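Results of the structural survey
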Amino acid sequence: MKDSFQTKRSLSVGNRTYSIASLPALEAKFPSAARLPYSLKILLENLLRTEDGEAVTAADIEALARWNARAAPSREIQFTPARVLLQDFTGVPAVVDLAAMRDAMKRMGGDPRKINPLQPVELVIDHSVQVDAFGTLNAFARNAELEFDRNRERYAFLRWGSTAFEGFRVVPPDTGIVHQVNLEHLARVVMDAPALGAKSKELWAFPDTLVGTDSHTTMINGLGVLGWGVGGIEAEAAMLGQPLSMLIPQVVGVRLVGRLPEGATATDLVLRVTEVLRKHGVVGKFVEFTGPGLAELPLADRATIANMAPEYGATCGLFPLDESTIAYLRLSGRDEARVALVEAYAREQGLFRADGDPEADYTEVLTLDLATIEPSLAGPKRPQDRVALADVGCSFEAALESLKPKTVSPTSPKAPAVARLESEGGKPAVAVAEPETERHEPYALVHQDGAEFTLEHGSVVIAAITSCTNTSNPSVMIAAGLLAKKAVEQGLARKPWVKTSLAPGSKVVTEYLAKAGLTPYLEQLGFHLVGYGCTTCIGNSGPLPRNIAAAIDETQLVVAAVLSGNRNFEGRVHAQVRANYLASPPLVVAFALAGRVDVDLTKEPLAERADGTPVFLKDVWPSAREVQDAIAGSVGADMFSKSYADVFAGDERWRAIQVPKGDTYAWDPNSTYVKHPPYFVAMPRHPGPIADFQGARVLCAFGDSITTDHISPAGSIKPTSPAGRYLQELGVKPEDFNSYGARRGNHEVMVRGTFANTRIRNKLVPGVEGGESVHLPDGERMSIYDAAVKYATERVPLIVLAGKEYGSGSSRDWAAKGPFLLGVRAVIAESFERIHRSNLVGMGILPLQFLAGETADSLGLTGREVYSIADLARAVEADFSPGARLSIVARDDAGKQKKFQALLRIDTPNEAQYWRHGGILQYVLRKLLPPVR
């Protein structure tokens, strides 16, 4: 710490003394710093503590201390997070990359152990469990067994990583969802450790900050901890001690007033926040919550709102530390010494909020009255598309035509009744029927497990209490249990075509549901425990029952899922489910009882008793008092202490996994899960000269809202897809494919799965869904992967054209790695989501943005042209400045040229260096190499 402003002080708490970088000492020199938002104060402390005169200078500190709330971001600073958080889908490829970097370091004459995390790194295995079994008491045991069978290779690799890399710890499977484990146990809130890279044992206290390889890392903002999601490649750089480059952001304050009305939940609130902020526009900005309404929100509600920052587009959604934070730390079983340090440090640094404190200076302030929140869902395919509960049926009807398949199946929906599967008791398993009513057409008569029922457009086939957003929140989980209790007492049951599941975020949830006496009622409605992990929300919803799946395919039905998650993008939840609605856990239970989404549950009956008496939602909805009384009698600190007593040990299956030994990984050439990636194999010591793009072709041309799910799906692998064919050629049976998410350690699978989402629409092949393209100039139609391979043999560089919000959704590094391996060297879009843009730069792909008011369509670009991009060396290296314009020429088959300009979206000098080196990992590796003797 260079300490240009003499801010180093001591803080004594209990019998320990800590060094701190004092914010009040700096505020004495720069009084305006006292009015900074809490989030920027945390960044300011980070700069004070890491000032070295090079990466962080006195000028950087002064620029942030003198922050102009309304000025456009222009000043670059370096942020050094205190720790890194991983989940297994994104964590496995990160550890694969580090292992490959060790190999490269060894090959180039360096010490492979230099490739080692310098910050604490924790990985929680939570994305691998799938809902194969459901609706039975042994569903959890069966799913856990299948999870281990499918993922043993990956788990062995992660266990090697936990022994080979210092400071890297793994939370074994079947423990909980990463963000809830972070909230309930891993988060320190205030760190106590020596300074990064210091040889001294001097103990410092400083804010707990982090980056994570999952977008919803922001959930920890509810605890007053500043952190957000980044791509795996950025996280790897942070692990290796590299600061993250960022522009000092604008900060939007959201002033909360009032209190939630009866019947409204935290989920309803966050869906409204998401709608309002996405509409207002907060991409690339910090959001901070303020106002008297904070006192009305328990910490679990705050975490719910913070979780969905990626959905409303912000980098983070911070709630400042206050008395609620301290109370939650005690409730969750944190050590009393930790609690004392957190409170003392926060008060000393001016980071502790109290009622009546003056409001910080914000770029702008939006006011939201909690009293206006109403029961809501969001869908059918975007989390920001909130719809009031009363309007869900109308919204589905309005969207129905756009949700229908764009290509007709070989069997027409109006074909005569046919049996496609084995019969049950002499009846056809699936019968396609002509419509007899005007409500919907077509519909299917299905026989499944002894029941006979009708499926039609709008039938709910998945009702899942799942995901990190809600299943850490006792208010909505207890509400779901109470609703189930009342429904059972009324004699109601779930509809037989609904696949129900309960996947809590931690073992604490099942503890308090059991103590409240609500577990039997949830189970009676089919909501048995299926696993502790991210299931339906990530696409691990498992197969639908056989006859239901066949009926959907046979009749091209638009069926629905209702889930308590945060993501409902096309093709994400289940390949056969086209309408997906986000909802609170009690509403998930309600729609399992109703069995359809084309209904107004505020007026129409939820279901009928055996005697035909209608039961309405209001008849089974628990009151706020009932919920709070149940929470008070069932949630205690002892549950957290018990659940996390030995959180890193794992069960017998985990401990029995054989762990390879050695500083470098012994790659198994026969593995289909973990393969040595190609990024560093032929990497020279120094990057080559920058060359302009000449003769580039468009691999894909897309419209708006292409998500990372579209680019790099996480769900099931189709046997007929390039990835499916590759696995079968290696002898892997389709039933053993697992998912794209689980195969992320194998680049051969992932590159074949890039742009392979079943709902993606490439304008080069209009009217077609799925990963198809054409090879140009001959126009031959083929898979996107096959087209890329053919272009590679012809040495043709590739680009992608896109509309607004390209790369929104999960912070998925493979959404950048996959296109890079396909040969994509530039993406030209109308706008980028924050994380994905930085991931593209981190993989050496050039992000370019159409000028304001221009689009591919307005410029007359079809995607069939040959493209050239000029001025790269000048713009990136010789004369770099954010927002530089590059000249692009598109020449069509007739030789006619279209000239236009695009903004270079390499936003900081550091990013220019990363792109110059071919990627951030190549840049870091070259910095760590020993000098040539």
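Computed from a prediction, not measured in an experiment: that's the story for all the values here. (Residues numbered from 1 in each chain as written. Predicted model: local features only at pLDDT ≥ 70, side-chain atom pairs only at ≥ 80, totals over all residues. Heavy atoms only, no water.)

So, on to the sheet that holds strand β14 (residues 316–318). The strand order across the open sheet built from 4 strands is β14-β13-β12-β15, with neighbouring strands paired in parallel fashion. For this open sheet the edge positions go to β14 and β15 (364–369), each flanked by a neighbour on one side alone. Here the strands of the sheet are splayed against their neighbours by 25 degrees on average, with no regard to which way each runs. Against the sheet, helix α2 (residues 38–50) engages β12 (251–257), β13 (286–290) and β14, with an angle of about 125 degrees to β13. (Pairing = 2+ DSSP bridges. Helix = DSSP H or I, 4+ residues; strand = E, 2+ residues; numbered from the N terminus. Axes fitted to C-alpha atoms, helices over the stretch in contact; angles between N-to-C directions. Contact = heavy atoms within 4.5 Å.)

Our next topic: the pairing of strand β28 (residues 772–775). In terms of strand pairing, β28 meets strand β29 (residues 780–783) through 4 bridges, oriented antiparallel. Bridging across to β29, S773 finds its partner in M782. Linking β28 back to β29 in an antiparallel pair, the connection comprises 4 residues, with G779 at a positive phi of about 80 degrees.

Read around the closed barrel, the 7 strands follow the order β27-β30-β31-β32-β35-β34-β33; overall the barrel is mixed. Ignoring strand direction, the axes of neighbouring strands in this sheet form an average angle of 40 degrees. Pairing between strand β34 (residues 885–891) and strand β35 (residues 897–904): 7 bridges, direction antiparallel. By the bridge assignment for β35, L886 is matched with A902. Packing against the sheet, helix α26 (residues 784–793) makes contact with β27 (693–701) and β30 (798–801), and its axis sits at approximately 170 degrees to β27. Those strands touched by helix α27 (residues 814–822) are β27, β30 and β31 (824–829), and its axis lies near 125 degrees from that of β31.

Take helix α3 (residues 58–65) next. Turning to α3, its buried residues are D60, I61, L64 and A65. Within α3, the buried residues cover an arc of 130 degrees as seen down the axis, which keeps them to one side. The inward-facing, buried residues of α3 contact α1 (23–29), α2 and β3 (76–79). (Buried < 20%, exposed > 50% of the residue type's maximum accessible area, 1.4 Å probe, protein only. Arc of directions from axis to C-beta.)

With that settled, consider the nonpolar core. The biggest cluster of nonpolar side chains holds 312 residues, and the ones touching the most others in it are Y312, L699, F755 and Y806. Sorting elements by how many residues they give to this core places helix α4 (residues 88–107) first, with 11 residues. Apart from residues no more than four positions distant in its own chain, L699 is found in contact with F755, N762, L764, S773, I784, A787, A788, Y791, L798, I799, L822 and V824. (Core = buried A, V, L, I, M, F, W, Y, C linked by side-chain atoms within 4.5 Å.)

What follows covers the packing of aromatic side chains. For the structure shown, the criterion picks out 19 aromatic pairs. With a centroid separation of 5.1 Å and an interplanar angle of 85 degrees, the aromatic rings of Y665 and W667 are classed as edge-to-face. By way of ring pairs, the aromatic residues F157, W160, F165, Y665 and W667 are connected into one cluster. Its end group placed over the ring of Y38, K41 keeps NZ or CZ at 6.0 Å from the ring centre. One Lys or Arg, K817, reaches over the ring of W814 and ends 5.6 Å from the middle of that ring. (Phe/Tyr/Trp six-rings, centres within 6.5 Å; stacked < 30°, edge-to-face > 60°. Lys NZ or Arg CZ within 6 Å of the ring centre and 35° of its normal.)

Contact geometry of α2 with α3 gives a least axis separation of 10 Å together with a crossing angle of 165 degrees. One way to sum up the angle between α2 and α3 is to call them roughly antiparallel. For the crossing formed where α2 meets α3, the hand is left-handed. Note on element contacts: α3 touches α2 through D60, I61, L64 and A65, opposite L40, L43, L44, L47 and L48. Across the contact of α2 with α3, the residue classes tally to 8 nonpolar, no polar and 1 charged. (Parallel < 35°, antiparallel > 145°, perpendicular 65-115°, else oblique. Left-handed = near helix turned anticlockwise from the far one by under 90°. Nonpolar A, V, L, I, M, F, W, Y, C, P; charged D, E, K, R; others polar.)

Applying the stated rule across the entire model yields 58 salt bridges. Between E122 and R169 there is a salt bridge whose closest N-O contact spans 2.8 Å. Note that E122 is positioned in strand β5 (residues 121–124) and R169 in strand β6 (residues 168–171), a separation of 47 residues in sequence. Taking the relative accessible area as the measure of exposure, E122 reaches 1% and is therefore buried. Residue classification places R169 among the partly exposed residues on the basis of a relative accessible area of 38%. R353 serves as the salt-bridge partner of D355, at 3.1 Å between the closest nitrogen and oxygen. (Salt bridge = Lys/Arg side-chain N within 4 Å of Asp/Glu carboxyl O.)

Looking now at the pairing of β5. Burial along β5 is two-sided: V121 and L123 and E122 and V124, pointing in opposite directions, are all buried. Bridge count for strand β4 (residues 83–87) against β5 is 4 bridges, and the pairing is parallel. In the strand pairing of β5, V84 is matched with V121. Between β4 and its parallel partner β5, the chain crosses via α4, and the hand of that crossover is right-handed. (Right-handed = clockwise from strand over helix to strand, strands pointing away.)

What follows covers the confidence of the model for the protein chain. Residues with a pLDDT of 70 or more make up 96% of the protein chain, whose mean pLDDT is 92. Low confidence marks residues 408–424, where pLDDT is under 50. Its contacts with residues over four positions away, or in another chain, come to 36 contacts. Every residue in residues 435–439 is under pLDDT 50, and counting partners more than four places away or in other chains gives 7 contacts. (pLDDT = per-residue confidence, 0-100.)

Here we come to the environment of A516. Note on placement: A516 falls in the loop between α15 (507–515) and α16 (519–524). Classification of A516 as partly exposed rests on a relative accessible area of 28%. As a C-alpha pair, A516 and G481 span 35 residues in sequence and 8.8 Å in three-dimensional space. Discounting chain neighbours no more than four positions away, the residues touching A516 are I478 and S634.

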